[in-house]
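Observations on the three-dimensional arrangement
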Amino acid sequence: MKYFFSVMIASSLALSASAAVDKNFDYHVDRFADIEVLRYEVPEFDRLSPQQRIMIYYLSQAAQAGRDIIWDQNGKYNLQIRKLLENIYSTFSGDKNSKDYKAFEKYIKQVWFGNGIHHHYSTDKFIPEFSTEFFLQQVNLLPDSELPLNSGQTREELIEVLTPVIFDPTVLPKRVFQDGSADVIANSASNLYGEGVTQKEVEEYYNALKNPNDSTPISYGLNSRVIKENGKIKEQVYHLNGLYGPAIAKIVYWLDMAKSVAENEAQKEYITKLIDFYITGDLRLFDEYSILWAEETDGDVDFVNGFIESYGDPLGMTGSWESYVNFKNQASTKRTETIASNAQWFEDNSPVDSRFKKDKVKGVSAKVINAAMLAGDAFPSTAIGINLPNANWIRAAHGSKSVTLENITEAYDMASHGNGFNEEFVIDEPTSKLMEDYLYITDMLHTDLHECLGHASGQLLPGVDPDALKENGSALEEARADLFALYYLPDQKLIELGILDNPEAYKAEYYKYMLNGLMTQLNRIEPGKDIEEAHMRNRQLIAAWILDKGKKEKVVELIKRNGKTYVKINDYKRMRALIGELLAEIQRIKSEGDYNAGAALINKYAVKVDPELHKEVLARFATLDIPPYRGFINPVLSPVYGDNGEIIDISIVYGETYPEQMLRLSHDFKTLGY
Ligand code: ZN
């Protein structure tokens, strides 16, 4: 599971746990469409030993070696289109101020950001604003040798195939189609399923494989593409000699190098297991790797590399390829270790029915990390918190690792200063001040609590299918983790533990949460559309439910002032009680597998948007020019060589532009493409 940054509110860094912020660091890299590209700093890189830095370098190569996989998973024409666009971009010699070229530049930047032709978040297809004529003219300026042709394909055939894929809004319109009223597989443009495969066939196929009495089930479908061959459903497994073999070979090579400089035996062991998994594609080995990985907490350097999160699959089976390379942020890790070592207290004191609580919360390891390389589905758009592994039985029996990406959160925060958000949306000066003083730390704490306690808390009643909540499972799970975090933010326990120093601090996060859930996250939704993404549904669900349930007592109100809507919280204490009530109910729904109750909550609160309020929010954002989405380019890690040509250290620099980085990655890490 992963956790995204939700707001663009500026807050002061006065209480930041990290003292290593360079005030002169330039976070801003590029701005286009609804996107801002930032860069992040890697503090504490200098405190690592050369060997640790070399390990990070090898893992970073393994991370970037998988880049083409996510492009191909996201859509079967993506690698071809990327190559074509990049060749046009790199050789263009016409008027760079023309309307067509400007639109082309915007489009290629969008495609880079989406790892394909669909938006990374809404999963809607990008619609180019340059003319088809301009496109054809540019394609025809390229010699045959510069065209990404499939074997036997002619220039004319390439144009005939790709033109509608790029320009026709009705062709492959959505990457992840989740509207349960139609076939979610047949209507999704991603490449996780082959031609002609239907939802019913996939569900029947996996149901036949699943054994309800298996207490340690593999993650069915996690590493495969499902196709229909001679009328029969079968899996094309991702492994060294299977689908994506050439990319996996490179990943394995670099993982093996990383193993040679690993910090300890436990790391070597889990890297070996991961390599074995990549070689064979055997999901049992992936589970064994996941257990070894979750239990290794001694090293500084750590990474995720594999088919992990299944948000890109409408059925939530196949993992999108991603990688995070990171190392411990020493100062802030103390904070999460304190939380994690008190996990049982939080579990015992939650407002949840005792039947749904864990008697023994197992091994919730929590740390704060600095990202050193983001790749695959985690790049350029990235999470700020991760909790893995995802398999329920592993989490229950062996615990999970929960991390907060501090330098990423910090970069978001630093890049937001002075953007005018608070002045426009926050109701009054005292609330604004509270947010400036305490939002950074309470936001970080919210992420810590969400990841290391929220997701790890609670248990299913015996015999309940973990997938019982079906298409609402992700949103309800995120809501459960958010509610757990929100419930505890005001708790005296956090003051006792020395994590917060002001009993009023939580109000900053409460205000932000309501403001975001009721209003400002609508900036990410196009007029007339519903809310679809799981984290956004979760946030509106919670905020709208509290507004509704507290209506009589006026716990929270939406008020109008000079024609503008503001969130007004009248009773923070009562709001906390409501959060506790909803947490208890959603835990019950999950523990009992009560699909109908879950669906009713989602349908009533999480999906629909008030069109008038939506319009107002968009108009107010338009005056601020705050991008709804942000992501990152990576630093450049380069080997430093000794006299005998051996790598003795790694240097880090930050200066690349967004196009420079994208073109370099396409060139240096071309594994599957053209
Ligand atoms: Zn989460």
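Overview of the structure. (Residues numbered from 1 in each chain as written. Predicted model: local features only at pLDDT ≥ 70, side-chain atom pairs only at ≥ 80, totals over all residues. Heavy atoms only, no water.)

Summing up its helical and strand segments, the protein chain has 24 helices and 15 strands in all. Rg of the C-alpha trace for the protein chain: 24 Å, near the compact-globule value of 26 Å for 674 residues, within the 12% margin. Split into buried and exposed, the 674 residues of the protein chain put 61% on the buried side. Summarising the internal contacts of the protein chain: among those between residues at least 6 apart in sequence, 75% fall at separations of at least 24. (Helix = DSSP H or I, 4+ residues; strand = E, 2+ residues; numbered from the N terminus. Rg over C-alpha atoms; globule rule 2.2 N^0.38 Å. Buried < 20%, exposed > 50% of the residue type's maximum accessible area, 1.4 Å probe, protein only. Contact = heavy atoms within 4.5 Å.)

Bound to the zinc ion on the protein side are H450 (NE2), H455 (NE2) and E478 (OE), at distances that span 2.1 Å. In the primary structure, the donors to the zinc ion are separated according to the pattern H-x4-H-x22-E. Separated by 28 residues along the polypeptide, H450 in helix α16 (residues 429–454) and E478 in helix α17 (residues 473–488) bring together distant segments of the chain. A relative accessible area of 2% means that E478 is categorised as buried. (Donors = N, O, S within 2.8 Å, 3.2 Å for Na, K, Ca; no water.)

Here we take up empty space enclosed by the protein. The tally for this structure, following the rule as stated, stands at nine cavities of 30 Å³ or more. Around the second largest cavity, the lining residues are W293, D302, F303, V304, N326, K367, I386, L388, K401 and V403. The set of elements that each furnish at least two residues to the lining of the second largest cavity consists of β6 (301–309), β9 (385–388) and β10 (400–405). Here the lining of the second largest cavity is built from residues that sort into six nonpolar, one polar and three charged. (1 Å grid on protein atoms, 1.4 Å probe; cavity = no way out; pocket = protein on both sides within 12 Å on 5 of 7 lines; lining within 4 Å. Points joined across faces, edges and corners; volume = space filled by probe spheres on them. Nonpolar A, V, L, I, M, F, W, Y, C, P; charged D, E, K, R; others polar.)

Between the first and last C-alpha of helix α19 (residues 506–518) there are 18 Å, a value that for 13 residues agrees with the 18 Å anticipated at 1.5 Å per step. With respect to burial, α19 is a largely interior element, twelve of its 13 residues being buried. Buried residues of α19: Y506, A508, E509, Y510, Y511, K512, Y513, M514, L515, N516, G517 and L518, and no others. (Expected span 1.5 Å × (residues − 1).)

All right, on to the sheet that holds strand β2 (residues 28–32) then. Strand order across the open sheet formed by three strands is β2-β3-β13, with mixed pairing between neighbours. Across the chains shown, the open sheet's two edge strands, defined by having one partner strand only, are β2 and β13 (629–633). For this sheet, the mean angle separating the axes of adjacent strands, direction not counted, is 25 degrees. Relative to β13, strand β3 (residues 35–39) runs parallel, the two being bridged by five bridges. Paired with L38 across the bridge in β13 is F632. Of the strands in this sheet, β2, β3 and β13 touch helix α4 (residues 99–114), which is tilted by about 115 degrees from β2. Of the strands in this sheet, β2, β3 and β13 touch helix α24 (residues 658–668), which is tilted by about 90 degrees from β2. (Pairing = 2+ DSSP bridges. Axes fitted to C-alpha atoms, helices over the stretch in contact; angles between N-to-C directions.)

Quick look at the pattern of salt bridges now. What the rule picks out here adds up to 43 salt bridges. The salt bridge partner of R155 is D144, with a shortest N-O separation of 2.7 Å. In this pair, R155 sits in helix α6 (residues 155–167) while D144 sits in the loop between α5 (132–141) and α6, placing the two residues eleven residues apart along the sequence. Judged by relative accessible area, D144 falls into the partly exposed class, the value being 47%. (Salt bridge = Lys/Arg side-chain N within 4 Å of Asp/Glu carboxyl O.)

Under the counting rule described, the total for this entry stands at 41 aromatic pairs. Here the aromatic rings of F104 and F134 are separated by 6.2 Å at their centres, their planes lie at 55 degrees, and the arrangement is tilted. With F104 in helix α4 and F134 in helix α5, this pair connects stretches of sequence that are 30 residues apart. On the basis of relative accessibility, which here comes to 1%, the residue F104 falls in the buried class. With a centroid separation of 6.4 Å and an interplanar angle of 70 degrees, the aromatic rings of Y278 and F307 are classed as edge-to-face. Of this pair, Y278 sits in helix α9 (residues 265–280) while F307 sits in strand β6; the two residues are 29 residues apart in sequence, bridging distant segments of the chain. Accessibility classification places Y278 together with F307 in one group, the buried group. Chaining the aromatic ring pairs together yields one cluster made of Y238, Y244, Y270, F277, Y278, F286, Y289, F303 and F307. Sitting over the face of the ring of Y121, R524 holds its NZ or CZ atom 4.8 Å from the ring centroid. Above the plane of the ring of Y566 lies R620, whose end atom (NZ or CZ) is 5.1 Å from the centre. (Phe/Tyr/Trp six-rings, centres within 6.5 Å; stacked < 30°, edge-to-face > 60°. Lys NZ or Arg CZ within 6 Å of the ring centre and 35° of its normal.)

A few words now on the side chain of N538. Structurally, the position occupied by N538 is in helix α20 (residues 534–549). Apart from the residues within four sequence positions on either side, N538 is in contact with A475, E478, A479, D482 and Y513.

Following the sequence through the fold, I271 ends up in helix α9. Filtering out sequence-adjacent residues up to four positions away, I271 remains in contact with M55, L255, A258, K259 and F303.

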